[in-house]
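For reference, the chains in residue letters:
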Amino acid sequence: MLKERPSVGLIIGLVIAGICALVSFSFDILNGDPVHFFIALGLAVAPVPLLLAGVLALDRLEPEPRTNLIFAFAWGAGIAVLVAGLLNSLNLVYVAHQLGDENSARSLVATFGAPPVEETLKGLVLLGLFRYRRQELDGPTDGIIYASMVGLGFAMSENVSYYIAALNENGAQVLAATLVLRGVLSPFAHPLFTSLIGISVAYAAHRRGPSGVVMIIAGWVGAMLLHGIWNGFASFGGLGGLAIAYLILMVLLVVELTVIFRDRKRIIGLIQHYLPSYEPNGLVNQADIFMLTSLRRRSHARAWAKAHGGKAGARAMSDYQLASTELGLLHARAARGGVDEATFRTTQRSLADLMAYARMSFPLPERHQARAARGVPPPGYAPGAPPPGRRPGQGPGYGAAGPGFPPGGSGMT
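The structure displayed is predicted, hence computed values, not measured ones.

Definitions and cut-offs
- Residues numbered from 1 in each chain as written.
- Predicted model: local features only at pLDDT ≥ 70, side-chain atom pairs only at ≥ 80, totals over all residues.
- Heavy atoms only, no water.
- Helix = DSSP H or I, 4+ residues; strand = E, 2+ residues; numbered from the N terminus.
- Buried < 20%, exposed > 50% of the residue type's maximum accessible area, 1.4 Å probe, protein only.
- Contact = heavy atoms within 4.5 Å.
- Areas by Shrake-Rupley, 256 points an atom, 1.4 Å probe, with all protein chains shown as cover.
- Lys, Arg positive; Asp, Glu negative; His and termini not counted.
- Charge placed at Lys NZ, Arg CZ, Asp CG, Glu CD.
- pLDDT = per-residue confidence, 0-100.
- Core = buried A, V, L, I, M, F, W, Y, C linked by side-chain atoms within 4.5 Å.
- Phe/Tyr/Trp six-rings, centres within 6.5 Å; stacked < 30°, edge-to-face > 60°.
- Axes fitted to C-alpha atoms, helices over the stretch in contact; angles between N-to-C directions.
- Parallel < 35°, antiparallel > 145°, perpendicular 65-115°, else oblique.
- Left-handed = near helix turned anticlockwise from the far one by under 90°.
- Nonpolar A, V, L, I, M, F, W, Y, C, P; charged D, E, K, R; others polar.
- Patch = residues over 30% accessible without salt bridge, like charges linked within 9 Å, V, L, I, M, F, W, Y side chains within 5 Å.
- Salt bridge = Lys/Arg side-chain N within 4 Å of Asp/Glu carboxyl O.
- Polar contact = N/O pair within 3.5 Å; in protein donor to acceptor, adjacent residues only side chain to side chain.
- Expected span 1.5 Å × (residues − 1).
- Bend = angle between axes of the 7 residues up to and from the residue.

Further remarks concern the overall build of the protein. Regarding its fold elements, the protein presents 14 helices and zero strands. Of the regular secondary structure in the protein, the N- to C-terminal order runs α-α-α-α-α-α-α-α-α-α-α-α-α-α. On the principal axes, the C-alpha backbone points of the protein span a range of 80 × 45 × 45 Å. Here the protein holds 413 residues, and 48% of them are scored as buried. Counting only contacts in the protein whose residues sit at least 6 apart along the sequence, the fraction spanning at least 24 positions is 77%. A total accessible area of about 19,800 Å² is found for the protein, and carbon and sulfur atoms account for 65% of it. The distance from the centre of the 33 positive side-chain charges to the centre of the 25 negative ones in the protein is 12 Å.

On average, residues of the protein score 87 in pLDDT, and 92% of them are at 70 or above. Low pLDDT (under 50) marks residues 391-413, which in the prediction has 61 contacts with non-local residues, meaning those over four places away or in another chain.

A few words on the nonpolar core. Across soluble globular proteins, nonpolar side chains have a tendency to be buried as a group. Grouped together as the largest cluster of nonpolar side chains are 49 residues, with contacts concentrated most on Phe73, Leu126, Val160 and Val201. When contributions to this core are tallied by element, the ones reaching two or more residues are helix 1 (8-30), helix 2 (34-45), helix 3 (48-57), helix 4 (66-99), helix 5 (102-132), helix 6 (140-170), helix 8 (189-205) and helix 9 (210-236). A per-element tally of this core places helix 6 first, with 13 residues. Residues contacting Val160, with those up to four places away along its chain left out, are Phe25, Asp28, Phe37, Ala40, Leu41 and Ala44. In terms of nonpolar packing, the next biggest core, distinct from the first, is built from 31 residues, Ala287, Ala301, Leu330 and Tyr381 among them.

Here the focus is the packing of aromatic side chains. One pass over the structure, following the stated rule, counts six aromatic pairs. Ring centres of Phe37 and Phe38 lie 5.1 Å apart, and the angle between their planes is 75°; on these two criteria the pair is classed as edge-to-face. The buried category is assigned to Phe37, whose relative accessible area is 4%. Owing to a relative accessible area of 55%, Phe38 belongs among the exposed residues under this scheme. Between Phe71 and Trp75, the aromatic rings sit 6.1 Å apart at their centres with planes inclined by 55°, giving tilted as the arrangement.

It is worth spelling out the packing of helix 5 against helix 8 at this point. Closest axis-to-axis distance for the helix 5/helix 8 pair is 10 Å, and the angle between their directions is 30°. The angle between helix 5 and helix 8 places the two elements in the roughly parallel class. Seen along the crossing, helix 5 lies across helix 8 with a hand that is right-handed. Side by side, helix 5 and helix 8 meet where Glu118, Glu119, Lys122, Gly123, Leu126 and Phe130 of the first sit next to His190, Phe193, Thr194, Ile197, Gly198, Val201, Ala204 and Ala205 of the second. Among the residues making up the contact of helix 5 with helix 8, the classes are represented as seven nonpolar, four polar and three charged.

A few words on a nonpolar patch on the surface. On the surface, Ile11, Val15, Ile19, Val23, Phe27, Leu30 and Leu86 cluster together to form a nonpolar patch covering roughly 650 Å² of accessible area. Counting residues per element, the nonpolar patch draws most heavily on helix 1, at six residues. Take Val15: it is sitting in helix 1. Val15 sits in the partly exposed class, given a relative accessible area of 47%.

Another aspect to go through is the environment of Ile199. Inspection of the secondary structure puts Ile199 in helix 8. Remark: the alpha-carbon pair of Ile199 and Gln348, spanning 149 residues in sequence, is separated by 27 Å. Every residue in contact with Ile199, bar those within four places of it in the chain, is listed here: Pro140, Gly143, Ile144 and Glu256.

Right, let's talk about the side chain of Arg182 for a bit. Relative to the helices and strands, Arg182 resides in helix 7 (residues 172-185). Looking at Arg182, its side chain comes within polar contact range of the side chain of Glu158, at 2.7 Å.

So, about the environment of Val125. The topology assignment puts Val125 in helix 5. Between the C-alpha atom of Val125 and that of Lys265, which follows or precedes it by 140 residues, the distance is 27 Å. Ignoring any residue separated from it by four or fewer positions in sequence, one finds Val125 in contact with Phe71, Ala72, Trp75 and Val150.

Moving on, we get to the pattern of salt bridges. Summed over all chains, the structure comprises eight salt bridges. Asp288 is paired through a salt bridge with Arg359; the nearest N and O atoms lie 2.6 Å apart. Here Arg359 lies in helix 13 (residues 341-360) and Asp288 lies in helix 11 (residues 286-292), a separation of 71 residues in the sequence. A residue is classified by how much of its surface remains accessible, and Asp288, at 1% relative accessible area, is buried. With relative accessibility at 23%, the residue Arg359 sits in the partly exposed group. In this structure, Glu341 engages Arg345 in a salt bridge whose closest nitrogen and oxygen atoms are separated by 3.2 Å. You can see Glu341 and its partner Arg345 sitting in helix 13, four residues apart, about one turn around the helix.

Let's shift gears to helix 7. In this model, helix 7 (14 residues) spans 18 Å end to end at C-alpha, consistent with the 20 Å of a helix rising 1.5 Å per residue. The sharpest bend along helix 7 measures roughly 25° and falls at Leu179. Residues Leu175, Thr178, Arg182 and Gly183 constitute the buried set of helix 7. Of the surrounding elements, those touching the buried residues of helix 7 are helix 2, helix 6 and helix 8.

This part covers the packing of helix 5 against helix 9. Running from N to C, helix 5 and helix 9 cross one another at 145°; their axes reach a closest spacing of 8 Å. Of the two elements, helix 5 crosses helix 9, and the hand of that crossing is right-handed. Within the contact between the two elements, helix 5 uses Ser107, Leu108, Ala110, Thr111, Pro115, Pro116, Glu118, Glu119, Thr120, Gly123, Leu124 and Leu127 and helix 9 uses Ile216, Trp220, Ala223, Met224, His227, Gly228, Asn231, Gly232, Ser235 and Phe236. Classifying every residue of the contact of helix 5 with helix 9 gives 11 nonpolar, nine polar and two charged.

This is how it looks when you write it as structure tokens:
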């Protein structure tokens, strides 16, 4: 399978993030009853699996490396939330001293102080990806996914503090209201704020020159403004203001879902455009491309492989699908000038070898092998696929190599 061995840097980063999370939780315990802490922790953690499932469901076509996703979540839950909490507390002390009114100071810091601090600390992990893992940022979907992971981690740890404060101040009634507001009505608030940075960083990863820097700055400012609007309406606008802020978040959510689905169509278009050039090498045929251009058909193919070959067959099919998608994206990066030819050839060969090995591992019954050699898919593999020799015509440029480096090269003849 396509697996990545954890690097020393990742392990060190996770250790630091874990220590930061423990320190942050220690402050929460000291600020309230230990029983309240564990109640708050349970309530904060409970929705996380469902929220993570929602985010990862959007990342099925070209899944991001698990190590990157885990680190982004850990950064938000540990490092970002601890440092942001310390800076916000210092800001609150200073503003309260200047105003002489802690309640007003709390609202002002929440509206104008916390958004720049929190979005900057969350956004740093995205800058790290831009600097050290730029090849993983293949489009806006990747930026949104990474931003959502760091945002979910941050929100989980932050919610512990809010739930403890609610219990300490007014008991279960206020806790219930806080839980509904933060855990039910707006669980994706932090991911949505930071996703503006994620989209801008993913855009910059495909550009050279000042336009990428300008885009990152614009995304950063947008995230801080959106965060400030949400906090400001919640602090000063009452229920009406909160409703307006909630409406803004829902509009952004719809826009981002639209961006994700359009990006998915773009990736499918790359598969249709570039992979037919590999038909002479035997890596793909028309039935394979038909299968690869639909999430539903991909899932059906994995089910077919598992039914005939068990877990090993399902793994082979998953590897084949992922390597095929990565190969289309590699050609797209080459067409943009985002990868040099030597790197392209090396990566191309690795992906092609993986596709070939996975393909040989497909659990093909012997009675279907002769027909499969002629490009006829075995029963249940790709229902509805066009017969051999007939192009399905699923978009312009189907079957053309297009711009970028050609499929040839070492090992690809």
